[in-house]
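Residues per chain are reported as follows:
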Amino acid sequence: EVENIELEEYLVNVVSGEMPVDYEMEALKAQATVARTYTLYQIENSKKHENADMCDSSNCCQAWISKEKRYAAWKENQDEKWAKIREAVYSTAGDIITYQGKPIDAFFHSNSGGKTEIPINVWGGSDFPYLQVVETSGEDEYSQYYSEKEYTEQEIEAKMKESYNDFQINWDEENAISILEYTESSRIRTIKIGNKNISGVEARKIFELKSSNFTIEKTEDKVKFNVIGYGHGVGLSQTGSNTLAKEGKNYKEIINHFYKEIEIKNIK
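Model, not experiment: these values are computed from the prediction.

## Topic: the overall build of the protein chain
Counting its regular elements, the protein chain contains nine helices and eleven strands. The C-alpha atoms of the protein chain give 20 Å as radius of gyration, which agrees with the globular expectation for 268 residues (18 Å, within 12%). By principal-axis analysis of the C-alpha atoms, the protein chain measures approximately 65 × 45 × 45 Å. Counting only residues that meet the buried cut, the protein chain has 51% of its 268 residues in that class.

Right under this line is the structure:
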């Protein structure tokens, strides 16, 4: 349903699916530029989909939401809100983020918890020079900043066994669960759970946590994860962008905050 649609028009649907409409205009413009860059990068580099450049899943490519669905979710002032998203997209039309003349892999996430992460700590492989650890204040003002998950010992065991059938744990041991190592951005690099040492990214997946930046509280027969931030933490933070926009930064300054050594070019 997304095919054969003009790029900027497609991006209106993407931005409306990726960022809250009540965010500052400059944050929405930054998101539009990121989404445009991401789209072009995928078209040039991705071979994920045989008959299409992109899909509409935010877990795979990026969210795309139909105007009808978006209007239904907004409930009021829909035309005004849609116009705001259109303005964010069309006022930046043709702007993309480049590194050494090519579109960057413009990762973004909801809330960095104050510090972004480098890709190698999330996906392995090699790092991109333009994706570094950067700090942004004010992210703790958002509901996406803090979350918690609590599991019983039995639930922890069941979840670990789904991934590792030889998993064992002795809850009487003092460090049955312990954090062994952190990444440069204070996220968990390695955590020991029973007889397994796993990455923070893996733990995030197994226990359905909002990020790999967490602490653990052990009570009688329960384990509680206190989680900071929302998302993989790489690239642009949406709540961080909104904070910077409130401080008077424009979309180009926001983009230059989150991506290093880049150039914003217009390809219209």
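Still more to cover.
## Topic: the sheet that holds strand E2 (residues 102–103)
The three strands are arranged E2-E1-E11 in an open sheet whose pairing can be described as antiparallel. Of all strands in the sheet, those with a lone pairing partner are E2 and strand E11 (263–266), marking the two edges. Sheet topology places strand E1 (residues 95–99) next to E2; two bridges connect them, and they run antiparallel. Bridge assignment links Thr98 to a residue of E2, and that residue is Pro103. Running over the sheet, helix H2 (residues 25–45) touches E1 and E2 and is turned about 60° from E1.

## Comments concerning the pattern of salt bridges
In the structure shown here, the tally under the stated rule is nine salt bridges. Measuring nitrogen to oxygen at the nearest pair gives 2.9 Å for the salt bridge that ties Arg86 to Glu9. Taken together, the residues Arg86 in helix H4 (residues 78–90) and Glu9 in helix H1 (residues 7–18) connect sequence positions 77 residues apart. Residue class for Arg86 comes out partly exposed when judged on its relative accessible area of 30%. Judged by relative accessible area, which is 25%, Glu9 ranks as partly exposed. For Asp166, the salt bridge goes to Lys196, with nearest N and O atoms at 3.1 Å. Note that Asp166 is positioned in the loop between helix H6 (153–163) and strand E5 (177–182) and Lys196 in strand E7 (residues 196–199), a separation of 30 residues in sequence. Asp166 gets classed as partly exposed once you look at its relative accessible area, which sits at 42%. Judged by relative accessible area, Lys196 falls into the buried class, the value being 16%. Connected via shared salt-bridge partners are Glu181, Glu184 and Arg189.

How each quantity is defined
- Residues numbered from 1 in each chain as written.
- Predicted model: local features only at pLDDT ≥ 70, side-chain atom pairs only at ≥ 80, totals over all residues.
- Heavy atoms only, no water.
- Helix = DSSP H or I, 4+ residues; strand = E, 2+ residues; numbered from the N terminus.
- Rg over C-alpha atoms; globule rule 2.2 N^0.38 Å.
- Buried < 20%, exposed > 50% of the residue type's maximum accessible area, 1.4 Å probe, protein only.
- Pairing = 2+ DSSP bridges.
- Contact = heavy atoms within 4.5 Å.
- Axes fitted to C-alpha atoms, helices over the stretch in contact; angles between N-to-C directions.
- Salt bridge = Lys/Arg side-chain N within 4 Å of Asp/Glu carboxyl O.

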